[in-house]
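One letter stands for each residue in the lines below.
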Amino acid sequence: AKGSNGVGNVEMEEKFCSVALDIIGKAVFNYEFGSVTNESPVIKAVYSALLEAEHRSMTPAPYWDLPLANQLVPRLRKFNSDLDILNNVLNELISLAKSTRQVEDIEELEKRDYANVKDPSLLRFLVDMRGADIDNKQLRDDLMTMLIAGHETTAAVLT
């Protein structure tokens, strides 16, 4: 594909991955990654986590579980640093969702018209359904899984 100025090439797979990240960010977290137009530390951390997840899925021996591996292996130090960035963002989003929780019974939540809600994200739904006492770590881990699996699935469909 031609670039915006009509010259050169555009890496469409990269663009589709950015669009996929933005879709997942909005749908799952109500978060604007803006990865199509920007490159922030959060976006870099997401891509690093995605690459590490792919690497781990294809590595037969989980060397990252070895004692001191996370301190000695540069790749793992970077991954853990990026994971801290993502966890901080997710913790902020979870705290915001909890602080703006609307208490409704299950039937009202099931009937909610998400087309007319300010925050129609999956995070909003999970916090409203599970209550304010939901475990942040479990919710963060679930959201991270959705981010990684959802991004890969969405990007694959687009390409």
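Described in the following lines is the structure provided in the data block. Here the structure is a predicted model, which means the values were calculated and not measured.

Cut-offs used in this document
Residues numbered from 1 in each chain as written. Predicted model: local features only at pLDDT ≥ 70, side-chain atom pairs only at ≥ 80, totals over all residues. Heavy atoms only, no water. Helix = DSSP H or I, 4+ residues; strand = E, 2+ residues; numbered from the N terminus. Buried < 20%, exposed > 50% of the residue type's maximum accessible area, 1.4 Å probe, protein only. Areas by Shrake-Rupley, 256 points an atom, 1.4 Å probe, with all protein chains shown as cover. Lys, Arg positive; Asp, Glu negative; His and termini not counted. Charge placed at Lys NZ, Arg CZ, Asp CG, Glu CD. Contact = heavy atoms within 4.5 Å. Phe/Tyr/Trp six-rings, centres within 6.5 Å; stacked < 30°, edge-to-face > 60°.

1. Structural notes on the overall build of the chain
Across its full length, the chain holds seven helices and zero strands. Listed N to C, the secondary structure of the chain is α-α-α-α-α-α-α in terms of helices and strands. Principal-axis analysis of the C-alpha atoms places the extent of the chain at approximately 50 × 50 × 25 Å. Counting only residues that meet the buried cut, the chain has 34% of its 159 residues in that class. Carbon and sulfur atoms provide 56% of the accessible area of the chain, an area that totals close to 9,800 Å². Averaged over its 17 positive side-chain charges, the chain has a centre that lies 4 Å from the centre of its 25 negative ones.

2. What about the side chain of Asp22?
Assignment of secondary structure puts Asp22 in helix α1 (residues 12-29). With residues up to four places along the chain from it excluded, the contact list for Asp22 reads Phe33, Gly34, Ser35 and Val36.

3. With respect to the packing of aromatic side chains
If you walk through the whole model with that rule in mind, you get three aromatic pairs. Relative to Phe33, the ring of Tyr31 has its centre 4.9 Å away and its plane inclined at 75°; by these criteria the two rings are edge-to-face. Ring geometry for Tyr63 and Trp64: centres 5.1 Å apart, planes at 70°, overall edge-to-face. By relative accessible area, Tyr63 is classed as partly exposed at 22%. Assessed through its relative accessible area of 13%, Trp64 is described here as buried.

4. As for the environment of Arg56
Summarising the element assignment, Arg56 is placed in helix α2 (residues 41-57). On the basis of relative accessible area, Arg56 is assigned to the partly exposed category, the value being 24%. As for Arg56 and Ile23, which are separated by 33 residues in sequence, their C-alpha atoms are 25 Å apart. Once you skip the residues sitting within four places of it in the chain, Arg56 turns out to touch Trp64, Leu76 and Phe79.

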